[in-house]
Amino acid sequence: MSSRVLYVCTYWGVRSRIAELLTTALEKPELVVECAGFETGKIGKLPREIMAERGLDLSVVSPDSIFKFARLHTEFDYVVTLCNEQTQENYLVLYDVVDSLFSGHTKILHWNIPDFMSLTSEGEERKAEARGIVSAIEKEVCRLVSRISVGEKISV
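Residues numbered from 1 in each chain as written. Predicted model: local features only at pLDDT ≥ 70, side-chain atom pairs only at ≥ 80, totals over all residues. Heavy atoms only, no water.

A word on the sheet that holds strand β5 (residues 107–112). As summarised here, the arrangement of the five strands in space is β3-β2-β1-β4-β5, forming an open sheet in which the pairing is parallel. Both edges of this open sheet fall to β3 (64–65) and β5, since each of them pairs with a single strand only. Sheet analysis places strand β1 (residues 3–9) next to strand β2 (residues 31–37), joined by seven bridges and oriented parallel. Considered in β2, the bridge of arginine 4 is made with valine 32. (Pairing = 2+ DSSP bridges. Helix = DSSP H or I, 4+ residues; strand = E, 2+ residues; numbered from the N terminus.)

The structure is reproduced here in structure tokens:
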């Protein structure tokens with residue numbers, strides 16, 4: 001039996017797309033993975049470069065809007081938000097939207113992941129911070145996939 005996971009973040013869905021790519025790279029056929037953004041737009045150069053270092057193509061095209069999945073009445077076992085509560089993101093709005101669109105049997109998880117737009121350093125230091133964001137997403141993805149694979153009950 002497969003589990004359906006939707007990753008969602010604010011802005012253009014960069015972190016959710018990264019989570020989708022990292023999950024897909026684990027080659028777990030029991031997982032059906034999608035990603036969405038609260039808004040849509042182009043994915044920036046820095047995240048694409050960092051993912052290319054890992055051999056993963058972070059397309060310039062952003063994920064679909066979360067509202068598309070709601071209009072299609074797409075059901076998920078897990079909806080994971082990737083937001084940073086310490087920045088100016090509209091994370092509370094996103095949490096409310098996710099809760100209203102996917103309440104019921106869906107398990108909603110919130111991961112505190114910084115946004116690439118919050119990086120203030122330059123050059124190699126900026127790239128190092130961006131790699132840290134990807135590593136944080138990868139850590140959470142591996143933990144979630146492991147828990148789903150062993151059938152662990154995940155509480156919200």
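Attention now moves to the packing of helix α2 (residues 45–53) against helix α5 (residues 123–149). The N-to-C vectors of α2 and α5 enclose an angle of 70°; their axes lie 10 Å apart at closest approach. Judged by the inter-axis angle, α2 sits roughly perpendicular to α5. Crossing of α2 against α5: the hand is right-handed. Contact residues: α2 offers Leu46, Glu49, Ile50, Met51 and Glu53, while α5 offers Arg126, Lys127, Ala130, Arg131 and Val134. Its residues placed into classes, the contact of α2 with α5 shows five nonpolar, no polar and five charged. (Axes fitted to C-alpha atoms, helices over the stretch in contact; angles between N-to-C directions. Parallel < 35°, antiparallel > 145°, perpendicular 65-115°, else oblique. Left-handed = near helix turned anticlockwise from the far one by under 90°. Contact = heavy atoms within 4.5 Å. Nonpolar A, V, L, I, M, F, W, Y, C, P; charged D, E, K, R; others polar.)

Here serine 121 shows up in the loop between β5 and α5. For serine 121, the side chain forms a polar contact with the side chain of glutamate 129, separated by 2.9 Å. Setting aside anything within four residues of it in sequence, one finds serine 121 in contact with Arg126 and Glu129. (Polar contact = N/O pair within 3.5 Å; in protein donor to acceptor, adjacent residues only side chain to side chain.)

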